[in-house]
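Structural characterization, general
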Amino acid sequence: QVQLVESGGGLVQPGGSLRLSCAASGSIFSIYLMGWYRQAPGKQRDLVASITNGGTTDYVDSVKGRFTISRDNAKNTVYLQMNNLKPEDTAVYYCNCKSVVSITRNSDYWGQGTQVTVSS
């Protein structure tokens, strides 16, 4: 199994920046995809950015050009650099990983969530 610990959330003014970190431990060799989701009050949890083991990244349209997902394999850590933050980015951000359990089943693991608030 995999454990994910998040950090880096906080309060920032519009146009500001934050960097979220997600440190993975456990059966990290089984992970094939990691991503960041966010959930605002009253809304569903949506995928923001993802990165594969091969380094391929993907982003939701609303954050393209502003957010960057990256990884540090030596530290088993995934980052989300968020620039030019907007009030609509306000949400709880969750780190997620998908891992191989067997040849027929995968598992999802979630971080504890970190609050990002963008407000003047």
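Presented here is an overview of the structure given in this document. (Residues numbered from 1 in each chain as written. Predicted model: local features only at pLDDT ≥ 70, side-chain atom pairs only at ≥ 80, totals over all residues. Heavy atoms only, no water.)

**Overview of the state of the cysteines**
- Considering all chains together, one arrives at 1 disulfide under this definition.
- Paired through a disulfide, Cys22 and Cys95 show a sulfur-sulfur distance of 2.1 Å. The sign of the -85° torsion about the S-S bond sets the Cys22-Cys95 disulfide as left-handed. With a gap of 73 residues between them, Cys22 in strand β3 (residues 18-26) and Cys95 in strand β9 (residues 91-100) connect regions that are remote in the sequence. Comparing Cys22 with Cys95, the two get one shared label, buried.
- Between Cys97, a cysteine without a disulfide, and Cys95, which holds the nearest cysteine sulfur, the sulfur-to-sulfur distance is 6.8 Å. (Disulfide = S-S within 2.5 Å. Helix = DSSP H or I, 4+ residues; strand = E, 2+ residues; numbered from the N terminus. Buried < 20%, exposed > 50% of the residue type's maximum accessible area, 1.4 Å probe, protein only.)

**Thoughts on the pattern of salt bridges**
- One pass over the full model with this rule turns up 4 salt bridges.
- Of the charged contacts in the structure, one is a salt bridge between Arg38 and Asp89, with a shortest N-O distance of 2.9 Å. Placement of the pair is Arg38 in strand β4 (residues 31-39) and Asp89 in the loop between β8 (77-82) and β9, with a sequence separation of 51 residues. Each member of the pair Arg38 and Asp89 is classed as buried.
- In this structure, Asp108 engages Lys98 in a salt bridge whose closest nitrogen and oxygen atoms are separated by 2.7 Å. (Salt bridge = Lys/Arg side-chain N within 4 Å of Asp/Glu carboxyl O.)

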